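Descriptive structure summary
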Amino acid sequence: MSRLELRHVRKAFGGLDVLGDISLSVGAGEFVSILGPSGAGKSTLFQLLTGAEHGEGEMLFDGMPLDDHGRHFAFMPQRDALMPWRRILDNTTLGLEVQGVKRKAARARVAPLFAEFGLAGFERHFPAQLSGGMRQRAALLRTVVQERDMLLLDEPFGALDALTRAAMQRWLEQMWRHHRWTALLITHDVREAVFLSDRIYVLSARPARVLREIRVPLPRPRDPSAAQQAGAVEAEILDILLNPQPSKGHDHD
Amino acid sequence: MVSSSPSRPRQFAGLFAKAAPAVMSVGLLLVAWELYANYSGIKPTILPAPSRVFEQAMLNREALIDNAIPTIRATLIGFACSLGAAFALSMLVDFFQPLRRALFPVFIVSQTLPLVAIAPLVVLWFGFGLMPKVMLVALVTFFPMLVALVQGYEATEVEIGQMLRAMGAGRWRIFMLARLPSALLYFFAGLRISITYAVVGAIFAEYAGAAKGLGIYMLNAKNNFRPDLVLAAVGVSAALTLILFGLTALLQRLAMPWERIGRQPAGQGR
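Since we're looking at a predicted model, the values are computed, not measured.

1. What about the overall build of chain A?
- The helix and strand inventory of chain A stands at eight helices and 10 strands.
- Whereas a compact globule of 253 residues would reach a radius of gyration of roughly 18 Å, chain A reaches 18 Å, a difference of no more than 12%.
- Expressed as a percentage of its 253 residues, the buried residues of chain A come to 53%.
- Sequence-distant contacts in chain A: of pairs separated by 6 or more residues, those separated by 24 or more amount to 68%.
- A total of about 11,100 Å² of accessible surface is found on chain A, and carbon and sulfur atoms cover 50% of it.

2. Quick look at the nonpolar core
- Judged by nonpolar contacts, the single largest core of 57 residues is most densely connected at Met83 of chain A together with Leu146 and Leu164 of chain B.
- Setting aside residues no more than four positions away along its own chain, leucine 146 of chain B makes contact with Ala86, Leu89, Ser90, Phe104 and Phe107 of chain B.

3. Observations regarding the interface of chain A and chain B
- On the chain B side, the residues contacting the 35 residues of chain A number 29 residues.
- Carbon and sulfur atoms make up 64% of the area that chain A and chain B hide from each other, which totals about 2,800 Å².
- The largest contributions to the chain A side of the interface with chain B come from Trp85, Val98 and Gln129 of chain A, which together make up 26% of the buried area.
- At the junction of chain A and chain B, the tally comes to one salt bridge.
- At the boundary of chain A and chain B, one finds four residue pairs in polar contact (both at pLDDT 80 or more).
- Among the secondary structure elements, those contributing two or more residues to the side of chain A that touches chain B are strand 6 (73–76), helix 3 (94–99), helix 5 (132–144) and helix 6 (162–179) of chain A.
- When its residues are assigned to classes, the side of chain A that touches chain B shows 16 nonpolar, 11 polar and eight charged.

4. Some points on the environment of leucine 146 of chain B
- Within the secondary structure, leucine 146 of chain B sits in helix 6 (residues 130–154).
- Look at leucine 146 of chain B and you get buried, because its relative accessible area is 0%.

5. Considerations on the pattern of salt bridges
Residues and elements named next belong to chain A.
- Counted under the stated rule, the structure contains 22 salt bridges over all chains.
- For glutamate 173, the salt bridge goes to arginine 177, with nearest N and O atoms at 3.2 Å. Residue glutamate 173 and its partner arginine 177 are both found in helix 6; the two are separated by four residues, about one turn of the helix.
- Members of the salt-bridge network, linked through shared partners, are Glu173, Arg177, Asp198 and Arg220.

6. Thoughts on the sheet that holds strand 6 of chain A
Residue and element names in this part refer to chain A.
- Strand order in the open sheet formed by 10 strands is 5-4-1-2-10-9-3-8-7-6, and the pairing between neighbours is mixed. Edge positions in the open sheet fall to strand 5 (64–65) and strand 6, since each of these has one partner strand only.
- In this structure, strand 2 (residues 16–27) lies alongside strand 10 (residues 208–215), joined through two bridges in parallel fashion. Residue aspartate 21 lies in a different strand from strand 10, and its bridge partner there is arginine 209.
- Relative to the sheet, helix 8 (residues 227–242) contacts strand 3 (31–35), strand 9 (199–203) and strand 10, its axis offset from that of strand 10 by approximately 165°.

7. Here we look at the domain arrangement of chain A
Residues and elements named next belong to chain A.
- Here chain A is partitioned into domain 1 (2–72 + 149–242) and domain 2 (85–148).
- A C-alpha centroid distance of 25 Å is found between domain 1 and domain 2.
- Taken together, the contacts link 16 residues of domain 1 with 11 residues of domain 2.
- Note on domain 1 versus domain 2: buried area summed over both sides is about 1,100 Å², and carbon and sulfur give 72% of it.
- Looking at the side of domain 1 facing domain 2, the largest losses of area belong to Leu151, Met168 and Trp171, adding up to 34% of the total buried there.
- Inspection of the domain 1/domain 2 interface yields zero salt bridges.
- Applying the counting rule to domain 1 against domain 2 returns three residue pairs in polar contact (both at pLDDT 80 or more).
- Mapped by element, the contributors of at least two residues to the side of domain 1 that touches domain 2 are strand 7 (150–154) and helix 6.

8. Details of unusual backbone geometry
- With omega at -10°, the peptide bond leading from arginine 206 of chain A into proline 207 of chain A counts as cis.
- By the secondary structure assignment, proline 207 of chain A is in the loop between strand 9 and strand 10.
- Following arginine 220 of chain A, the chain continues into proline 221 of chain A via a peptide bond in cis, with omega recorded as -5°.
- A positive phi is found at arginine 79 of chain A, a non-glycine position, where the angle reads about 55°.
- You can see arginine 79 of chain A is positioned in the loop between strand 6 and helix 2 (88–92).
- Backbone geometry places phenylalanine 225 of chain B, a non-glycine residue, at a positive phi of 55°.
- Tracing the backbone through its elements, the reader meets phenylalanine 225 of chain B in the loop between helix 10 (214–223) and helix 11 (227–255).

9. Considerations on the packing of aromatic side chains
- Counted under the stated rule, the structure contains 14 aromatic pairs over all chains.
- For the pair tryptophan 172 of chain B and phenylalanine 175 of chain B, a centre-to-centre distance of 5.9 Å together with 20° between the ring planes defines the contact as stacked. Of this pair, tryptophan 172 of chain B and phenylalanine 175 of chain B both sit in helix 8 (residues 171–182), three residues apart, roughly one helical turn.
- Through successive ring pairs, a cluster of aromatic residues spans Phe95, Tyr153, Trp172 and Phe175 of chain B.
- Geometry around phenylalanine 13 of chain A places lysine 11 of chain A over its ring, the cationic atom sitting 4.9 Å from the centre.
- Lying across the ring of tryptophan 171 of chain A, arginine 137 of chain A places its NZ or CZ 5.9 Å from the centre.

10. Focus: helix 5 of chain A
- Compared with the 18 Å implied by 1.5 Å per residue over 13 residues, the 19 Å span of helix 5 of chain A between its first and last C-alpha is a close match.
- In terms of residue burial, helix 5 of chain A counts as a mostly covered element, since 11 of its 13 residues are buried.

The rules behind the values
Residues numbered from 1 in each chain as written. Chains lettered and ligands numbered in written order. Predicted model: local features only at pLDDT ≥ 70, side-chain atom pairs only at ≥ 80, totals over all residues. Heavy atoms only, no water. Helix = DSSP H or I, 4+ residues; strand = E, 2+ residues; numbered from the N terminus. Rg over C-alpha atoms; globule rule 2.2 N^0.38 Å. Buried < 20%, exposed > 50% of the residue type's maximum accessible area, 1.4 Å probe, protein only. Contact = heavy atoms within 4.5 Å. Areas by Shrake-Rupley, 256 points an atom, 1.4 Å probe, with all protein chains shown as cover. Core = buried A, V, L, I, M, F, W, Y, C linked by side-chain atoms within 4.5 Å. Buried area = accessible area lost by both parts, 1.4 Å probe. Salt bridge = Lys/Arg side-chain N within 4 Å of Asp/Glu carboxyl O. Polar contact = N/O pair within 3.5 Å; in protein donor to acceptor, adjacent residues only side chain to side chain. Nonpolar A, V, L, I, M, F, W, Y, C, P; charged D, E, K, R; others polar. Pairing = 2+ DSSP bridges. Axes fitted to C-alpha atoms, helices over the stretch in contact; angles between N-to-C directions. Domains from an automatic or database assignment. Phe/Tyr/Trp six-rings, centres within 6.5 Å; stacked < 30°, edge-to-face > 60°. Lys NZ or Arg CZ within 6 Å of the ring centre and 35° of its normal. Expected span 1.5 Å × (residues − 1).

Next comes the structure, spelled out in structure tokens:
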């Protein structure tokens, strides 16, 4: 049932424990968030998944150990990482190009998605000509068009202003309902996690451990009518983050 | 689609407005020089007036052109060699970081060699032909280009590298897709600096010994007590440098369209 499964994953950098003990799972078509304080090593987890770093513990995908050869993930980094010298169209085909798809075929696959991503008419523009929200949508388009098993989203809206971020969250939720991507989102924005996720793993400060796993009980589509219910979940999570159980003599601020 | 660039006449008007202060300051300098040379009683064999320099340059234009050609040739060939070497080495250094620590001290030392001492030696070893000029031009331009390229590769956005790695790109792919284009801005900055060294390097080499060239022309003119012709040759070399500088700027505009177009935002809202 669960596609991605991590069991007791740990990672230390030069004696500094970054990931204490992480166990989590993501089911097919499920939107899961990892929520934790800044600098808790959330991004390190993605580095382990994409093979950029190696840690201890078990990482399974569809029951098979993850290795560098099995490429299951499409990764969307913090900020958009669009290449300023490539036009938007060529930025979105990047992943396909790396996979060895011919340029023409890659463009043909990407082009029909521009309208859905609100980028129609901007194919020939350079990234610098686009607003922050449009750049993020282009980055997400570049990510999903790779057609990998699972999306890894690393604080994708962290660099946006509050209003744009809210608009992008609504847009992403709506997109997700259509496509049912299996997705793992890293964020430190409680409201964002509650709004987008089916489940949330709340992490502690470094060394990161799973403090609590929370199933978000809100109906989809997520709309403002459930704001009260969402508020209760947000309050619960904030409480966990701000008053963690004292553990192993580690102090929190 | 992309908003078109401003119309031609407006572009020229803008160019003129930008160039006006430079033209005026140079003009003022020339006028002051002219007045001083004419009315201070200084001998033209010591300080010729700019009008005389220009007049003599026109009279001797065939000799000047004849001598400028070898200088241009040495500059361009030397610079091309230097570019090729800088590219090859910058890539090696980028792929094998320890090489950097091994090689950079050598290159830094090469930059401390006084040209006055090296130029005659290189001529002594390699004769009066094209070879020593090419080598000296390459020597003075190589290091700035190498440093610019290596720094440019390192300016690649970390997240672009991470993303490409997650996409399954190897080191070579990442280099071609991300590191090389990221270095373009640095490359052109280095190009602008070293192209100005290049002409000077060629003239220095010719000064130390050559059959023909602006350098040897200056030397001969000086020995014949013709400062007007020395200055005429200086003018030619300055013009040459300015043209090469302008060409690199033009090349950058052509090679990096996003730097120009990207400045005009087109996206609206969200």
